[in-house]
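Tertiary structure, described
As a plain string of letters, each chain reads:
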Amino acid sequence: MKKRIIGITIIVIAIVICGITYFKHQENVKQENITKQVNELENIKTNFSNTEERDEKFDILKSTVQKQEKYNKSKEKDNKVLAKYKEIIFAMQLEFVDEYNEIIKENTISDIGKSEDIENLNKCKDNLNTLLSNINKEKEFIFSEESGAEKYEKRINELVNSYSKQIIKIKAGQKAQKEAIKKQESQNTVSKSSSTTTENKFFTVTVPKSWGSDWNVKVEDNSMNGIESKLYMFDHGHGGAAVYVLDMSDTSRPLAHYSRMIPDDCESVGTTSDGYEVFMTEASDGFFSQGAKITLK
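Residues numbered from 1 in each chain as written. Predicted model: local features only at pLDDT ≥ 70, side-chain atom pairs only at ≥ 80, totals over all residues. Heavy atoms only, no water.

1. Side note on the packing of aromatic side chains
- Under the criterion given, the structure shown has 14 aromatic pairs.
- Taking the centre distance of 5.8 Å and the plane angle of 65° together, the rings of Phe234 and Phe288 count as edge-to-face. Placement of Phe234 in strand E4 (residues 229–236) and of Phe288 in the loop between strand E7 (277–284) and strand E8 (293–296) is noted, with a sequence separation of 54 residues between them. The two residues Phe234 and Phe288 agree in class, both being buried.
- Geometrically, the ring pair formed by Phe287 and Phe288 is edge-to-face, given 5.2 Å between the ring centres and 80° between the ring planes. (Phe/Tyr/Trp six-rings, centres within 6.5 Å; stacked < 30°, edge-to-face > 60°. Helix = DSSP H or I, 4+ residues; strand = E, 2+ residues; numbered from the N terminus. Buried < 20%, exposed > 50% of the residue type's maximum accessible area, 1.4 Å probe, protein only.)

Structure, rendered in structure tokens:
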């Protein structure tokens, strides 16, 4: 009986020892697997840091996030590995967020109301729109919550909209300025002084002293279809004259394009030193036929 008890005891001890050995082995395997996965994550971190291409960096981040999601669903997940995933993913995400912040900073015009540079405004708009497009494509892997991306989308849209409004404002101002200049040029510029001479960059007109202030000249913009032209209308008593100045330097245009800009009865006065063609026609008692003289420059 005593021998039997001793035998059973030895068997129990052997089973316990085997059990302890087995579980210890399993624990060692588990720890080796954890260490292996942590090392693999460290290698991913190093690879990300050494990669210069932005697209490749994003692919590494995307792949790592997907691996984390898969690992998180596995039965063998370990808190140490999960913590490592969280650590390296956060570091990678932070690099992209820092890039977002830098692009916004570089394309933020502080005093937008004073900006008059349409080219720079459009460049900043394009850069911000490109950034917004990237954020929309990447936000699933960059931000843990949707609100993170929404904050950037709101800021970018605010900047882009303010730049668009400023561009509209600048263009409206430029248009108004051009219209004011055109209106000024086309206004009837009446000269009723005792002066006997009027001149512009194309010609000089001198009238007899006996005319006194009884003469005037009106200037209008006669440009058409990209052809620069001016019309000078002279008046004295019961007569007058119209002087047309045309830029006919574009020889690729048919002559008909130029001829339709002046009356058929116009006569050529000549060509200015700058290459402008000058034509003239008189009405009623005339103007130059009464003694006025035109001299081209």
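Here the narrative resumes, following the displayed structure.
2. Here's the deal with the confidence of the model for the chain
- Confidence in the prediction of the chain, expressed as mean pLDDT, is 85, and 85% of residues score 70 or more.
- Throughout residues 188–194 the model reports pLDDT below 50, and contacts reaching past four residues in sequence, or to other chains, amount to 19 contacts. (pLDDT = per-residue confidence, 0-100. Contact = heavy atoms within 4.5 Å.)

3. What to know about the pattern of salt bridges
- Evaluation of the coordinates by the stated rule reveals 11 salt bridges.
- Between Lys84 and Glu87 there is a salt bridge, with the nearest N and O atoms lying 3.3 Å from each other. Residue Lys84 and its partner Glu87 are both found in helix H3 (residues 79–106); the two are separated by three residues, about one turn of the helix.
- With a closest N to O distance of 3.5 Å, Arg253 and Asp250 form a salt bridge.
- Looking at Arg253, the relative accessible area reads 23%, which means it is partly exposed.
- In the salt-bridge network here, residues are joined through shared partners; they are Glu42, Lys45, Lys84 and Glu87. (Salt bridge = Lys/Arg side-chain N within 4 Å of Asp/Glu carboxyl O.)

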